[in-house]
Amino acid sequence: MQQRPTREWDLTIGPDTVRLFILKAKAISAGVNEDYEDGAEHEIEYDGGIRDNHLHDGLAEEEEENLTEKELRQLINDLNVDEAAELVALAWVGRGDYDASEWQDAVAEAKQRGNRRTARYLLGMPMLGDWLEEGLEVLGA
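Bear in mind that the values here come from a model prediction, so they are computed numbers and not experimental data.

### So, the overall build of the protein
Helix and strand counts for the protein come out as six helices and zero strands. For the protein, the sequential pattern of α-helices and β-strands runs α-α-α-α-α-α. Counting every position in the protein, which comprises 141 residues, the buried fraction comes to 30%. Expressed as a percentage of contacts within the protein between residues at least 6 apart in sequence, the contacts between residues at least 24 apart total 80%. Roughly 10,200 Å² of accessible area belongs to the protein as shown, and the carbon and sulfur atoms make up 45% of that amount.

Pasting the structure below:
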């Protein structure tokens, strides 16, 4: 009978909670990137003889994106110190700054940074959803 290796990590924050954060982060990222193709804005051609009757949904989409960001920011701000540190550490592991064997070091470093600006820090990461997802994968959570 083969023994499973002991885990060098134990999550205070639930993996399902992290997955919710991943979905919200990816929704925010998709909202920012869907207007661009190949890094360039699309040009709109106007026909001078025809009135523009196009209804713009851009404001509604922008408001929805801001709502998602606001929700994610609030969820992160509601985390306790241990959960917030683990979320930051998961992003670092997913980004490749630490590996699974360095989990405790990553959490300790994240705790030293403090919890006051965690949401701002994490939401400033361009690939937050992907890095959190990769972090969970690396840890096997």
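That was the structure; now back to the text.
### Things to note about the confidence of the model for the protein
Looking at the protein, the pLDDT average stands at 77 and 67% of residues meet or exceed 70. Between residues 1-6, whose pLDDT stays under 50, and residues either more than four places distant or in other chains, the model counts zero contacts. Counting contacts from residues 33-64, a segment whose pLDDT is below 50, to residues more than four positions away or on other chains yields five contacts.

### What to know about the packing of aromatic side chains
Applying the stated criterion across every chain yields a total of one aromatic pair. Aromatic pair Trp 92 and Tyr 98: ring centres 5.9 Å apart, planes at 25°, arrangement stacked. Side by side, Trp 92 and Tyr 98 carry an identical accessibility label, which is buried. If you follow Arg 95 out to its NZ or CZ, it ends over the ring of Trp 131, 5.4 Å from the centre. Between Arg 113 and the ring centre of Tyr 121, over which it is positioned, the NZ or CZ distance is 4.9 Å.

### Brief notes about the side chain of Thr 118
Tracing the backbone through its elements, the reader meets Thr 118 in helix α5 (residues 118-123). When near neighbours in sequence (up to four residues on either side) are disregarded, Thr 118 contacts Ile 76, Ala 84 and Val 88.

Quick notes on the rules
Residues numbered from 1 in each chain as written. Predicted model: local features only at pLDDT ≥ 70, side-chain atom pairs only at ≥ 80, totals over all residues. Heavy atoms only, no water. Helix = DSSP H or I, 4+ residues; strand = E, 2+ residues; numbered from the N terminus. Buried < 20%, exposed > 50% of the residue type's maximum accessible area, 1.4 Å probe, protein only. Contact = heavy atoms within 4.5 Å. Areas by Shrake-Rupley, 256 points an atom, 1.4 Å probe, with all protein chains shown as cover. pLDDT = per-residue confidence, 0-100. Phe/Tyr/Trp six-rings, centres within 6.5 Å; stacked < 30°, edge-to-face > 60°. Lys NZ or Arg CZ within 6 Å of the ring centre and 35° of its normal.

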